[in-house]
Amino acid sequence: MGQFLQFVFLGLSTGAIYSVLASSLVGIYAATGIINFAQGAIGLYSVYLVAALRTEGSLVLPIGTIALGSEDNPTSMELAIVLGVLSAVVWALLAHLLVFRPLRHAPVLAQVVASVGLMLFIQALVHLRFDTQNLFAESILPESTVDIAGAVVNVSDLILACVAIAISLTLWAYFRLTTLGVATRAGSEDELAARLSGYSPDRLAGIVWALTGAATGLIVILASFTIGLTETSYTFFVIPALAVALVGRLTSFGIACAAGLVLGAFQSVITWLTTKDWWPEWAQAGLGDALPFVIVVIALFLLGGRIPSRGSIGEVKMPAVRIPRIRLVPTLAVVGVVVVAILLTSGSWRFGVVTSVILSLIALSLVLLTGYLGQISLASMAFAGAAGFALSKLTADWDVPFPFSMLFAALIATALGVLVGVPALRIRGAQLAVVTLAAALAIQSFVFNNPAITSYEGNLIADPTIFGLDLGVRDGTNLVTVRFSLMVLIVVAIATLVVLRFMGGSTGRAFLAVRSNERAAASVGINVAATKLLGFALSAFLAGIGGCLIGYSRGQLSAGSFTVMIGLTLLAMTYVGGITSFAGAVIAGIIGPLGVGYVFLNQTLSLGEYYELFAAGSLLLMAVLNPVGVAGAMSELGERIRGHRHRRAPHPEAPGAAHNAQADTHV
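Scope of this entry: the structure provided in the associated data block. (Residues numbered from 1 in each chain as written. Predicted model: local features only at pLDDT ≥ 70, side-chain atom pairs only at ≥ 80, totals over all residues. Heavy atoms only, no water.)

### Topic: the nonpolar core
- Core analysis: the largest hydrophobic core is formed by 212 residues, its most contacted members being Phe37, Tyr45, Phe130, Val488, Leu549, Leu568 and Tyr575.
- When residues of this core are assigned to their parent elements, the largest contribution, 15 residues, is made by helix α15 (residues 347-372).
- Shared between two domains, this core holds at least three residues of each, these being domain 1 (1-279) and domain 2 (347-636).
- With sequence-adjacent residues up to four places away left out, Tyr45 is seen in contact with Val60, Leu61, Pro62, Ser87, Trp91, Ile122, Leu125, Val126 and Phe130.
- Among the nonpolar cores identified, the runner-up in size contains five residues, and Val269, Trp272, Leu273 and Trp279 belong to it. (Core = buried A, V, L, I, M, F, W, Y, C linked by side-chain atoms within 4.5 Å. Buried < 20%, exposed > 50% of the residue type's maximum accessible area, 1.4 Å probe, protein only. Helix = DSSP H or I, 4+ residues; strand = E, 2+ residues; numbered from the N terminus. Domains from an automatic or database assignment. Contact = heavy atoms within 4.5 Å.)

### Quick look at the side chain of Gln375
- Looking at where Gln375 falls in the secondary structure, it is placed in the loop between α15 and α16 (380-397).
- Using a relative accessible area of 2% as the deciding quantity, one classes Gln375 as buried.
- Side-chain polar atoms of Gln375 contact the backbone oxygen of Leu373, separated by 3.4 Å.
- Once residues within four sequence positions are removed from consideration, Gln375 is found in contact with Leu369, Thr370, Ala424, Ile427, Leu432, Glu518, Lys532 and Phe536. (Polar contact = N/O pair within 3.5 Å; in protein donor to acceptor, adjacent residues only side chain to side chain.)

### Some details on helix α11 (residues 238-247)
- Burial within α11 is extensive, with nine of its ten residues counted as buried.
- Here α11 has its buried residues at Val238, Ile239, Pro240, Ala241, Leu242, Ala243, Val244, Ala245 and Leu246.
- Arg249 sits one or two residues past α11 and shows a positive phi near 60°.

### Some remarks on the pattern of salt bridges
- Tallying each qualifying case throughout the model produces two salt bridges.
- Glu138 is the salt-bridge partner of Arg54, the closest N and O atoms lying 3.0 Å from each other. Pair noted here: Arg54 is in helix α3 (residues 39-56) and Glu138 is in the loop between α5 (108-129) and β3 (145-148), with a separation of 84 residues, a long-range link.
- Judged by its relative accessible area of 31%, Glu138 falls in the partly exposed class.
- A salt bridge links Lys532 to Glu518, with the shortest nitrogen-to-oxygen separation between them at 2.9 Å. On the criterion of sequence distance, the pair formed by Lys532 in helix α22 (residues 528-554) and Glu518 in helix α21 (residues 518-523) is long-range, its members being 14 residues apart. Assigned by exposure class, Lys532 and Glu518 land together as buried. (Salt bridge = Lys/Arg side-chain N within 4 Å of Asp/Glu carboxyl O.)

### Thoughts on a nonpolar patch on the surface
- There is a patch of nonpolar side chains on the surface, built from Leu61, Ile66, Leu68, Leu79, Val82 and Leu86 and spanning about 470 Å² of accessible area.
- Examining the composition of the nonpolar patch, we find that three residues originate from one element, helix α4 (residues 77-100), more than from any other.
- One can find Leu86 in helix α4. (Patch = residues over 30% accessible without salt bridge, like charges linked within 9 Å, V, L, I, M, F, W, Y side chains within 5 Å. Areas by Shrake-Rupley, 256 points an atom, 1.4 Å probe, with all protein chains shown as cover.)

### Here we look at the pairing of strand β4 (residues 151-154)
- Side-chain alternation along β4 places Ala151 and Val153 on a buried face and Val152 and Asn154 on a face that remains uncovered.
- Bridge count between β3 and β4: four bridges; the pairing is antiparallel. Within β4, the position partnered with Thr145 by the bridge is Asn154.
- Here β3 folds back onto β4, and the loop between the two strands holds two residues, one of which, Ala149, carries a positive phi near 50°. (Pairing = 2+ DSSP bridges.)

### Side note on the packing of aromatic side chains
- Overall, the coordinates contain 14 aromatic pairs when judged by the stated rule.
- Between Phe175 and Phe253, the ring centres sit 5.5 Å apart and the planes meet at 35°, which makes this aromatic pair tilted. Taken together, the positions of Phe175 in helix α6 (residues 155-177) and Phe253 in helix α12 (residues 253-273) put the pair 78 residues apart, joining distant regions of the chain. Of the two residues examined, Phe175 and Phe253, each falls in the buried class.
- Considering the side-chain rings of Tyr234 and Phe237, the 5.6 Å spacing of their centres and the 80° angle between planes classify their relative orientation as edge-to-face. The exposure classification of Tyr234 matches that of Phe237, with both residues buried.
- Each member of the aromatic cluster is reached from another via a ring pair, and the members are Tyr45, Tyr48, Trp91 and Phe130. (Phe/Tyr/Trp six-rings, centres within 6.5 Å; stacked < 30°, edge-to-face > 60°.)

In structure tokens:
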């Protein structure tokens, strides 16, 4: 019993972070209606800032560094904590002023991708600006222990739990007992009424952003010695925090706080149970990380219909969709350009071309599901990885030949996609984004990083062959063979044409109807549930084919090939390219991770280390300034030019030509 309690208390440090992040998410949602996926990343910068101050005496800014001390005379702990908390406040206010305030009336998709982009941007900035390999957190809280019911408990863990409870009470008191807090809550119900009462929703939201930023910075700084410094852990702490915030319906600070502490303790107990002889081998790794996904799904299924929406002024619209038309000449031209690129390149450049072709297919899966059907998914790379690891088993262990191995593996990804898509029958928008991101993390931790399911020494993939022709990616010192490159092009071209045919037909029209208005779609006889599941199935199948091709291009897979960060980066590039068009998927493939754009940035400009920062920054700019992406902007520009020419020079014999000319004169 003593050992059990000891692990329960050990989990309080992590649970305290969950609690404060969850309380912060509740506060931000009450003030703005936005689910901030970047809340953990805001704390990440604070943690490393304090570590740099205490190690080097350097105040590391996004641009430039201020020396406040040295390695022999570092900044005092008190000043370092204050500066760390202030940095979190500054990041939170910048997020409000530069990102989320301009998107207050934007579609949920733009808000979600902007939030994801901010998360990626801060993490990439931390990686660039801090010596993450050599910085360590110092102890701030007492290192003494106390005995409770036979369990040796760290005093620091108890203090962290108390701090989390105090922060939750403070936020509750602000919203319930202060005039500004009550006005913020009223504005969440009716923004126009708040404005008529003399309150600025922007200023009220700014106060909440500052408070939650300070709370996040403080708790992660205090817990950093216990948790340690890793770039991804603090960033993705937002997922369990979202899970427990949803348990409280994004309205209750008390439930969010208590649930966060309980989840942290429960994960710690699971870690203890995995050391037992009777614990199953397949559940040795990743089970604790999969818990938030289970909690999110259960909470949304039970409470999804009762999670309040924020009232706002104005009508929001999704980016316009262009129905794809398959035309012979443009299709042959695109294929011809890729063939020429394959033949004229070699080594890493040809690998970049092939990778761009593969990524365009995975990006097309996002265009299909998110751009056409309106279902926000952050798990595309998880589906690709599931197919890739399944392909390893099918080819290396069971000798299933190509192309059947690839089709079977993609079908496995399809089944997983349908499973993840089931919650979409009850929920949508940002809540669905939470589910899919939690699912992606669960799959990464419980499947990809689980030696009982995927072996780190194995995961070999046999080279594809057909009719005795070797289509393997390598031949001696040749990094990527022409045969393999053309095989990838043919597979992607066939899959793309089939999907474009679907998108341009009745299936695509049904998708657009569901995207526009689910009730209206149902009223005209469209089965909304079946359409949503079909969308998830097709999207996962495309991503699965892409994952198989990635597997063939590597020859041996690792979990690093399909991380959540890579998936989010590809989403960023797809949004930058244009989330509602096939051209956007092509652009995403070109500028996607390890694609041609990355090779150019890395080899020609020697700026590869800035790629993630470039990707995240581009996503933020597009989300705020140009939600239709590069492809949409180019298309709109072309239409304006054609329209201008048509108005300027109508055919002299065309009906109404004189009228048009007269109209032009008046303009």
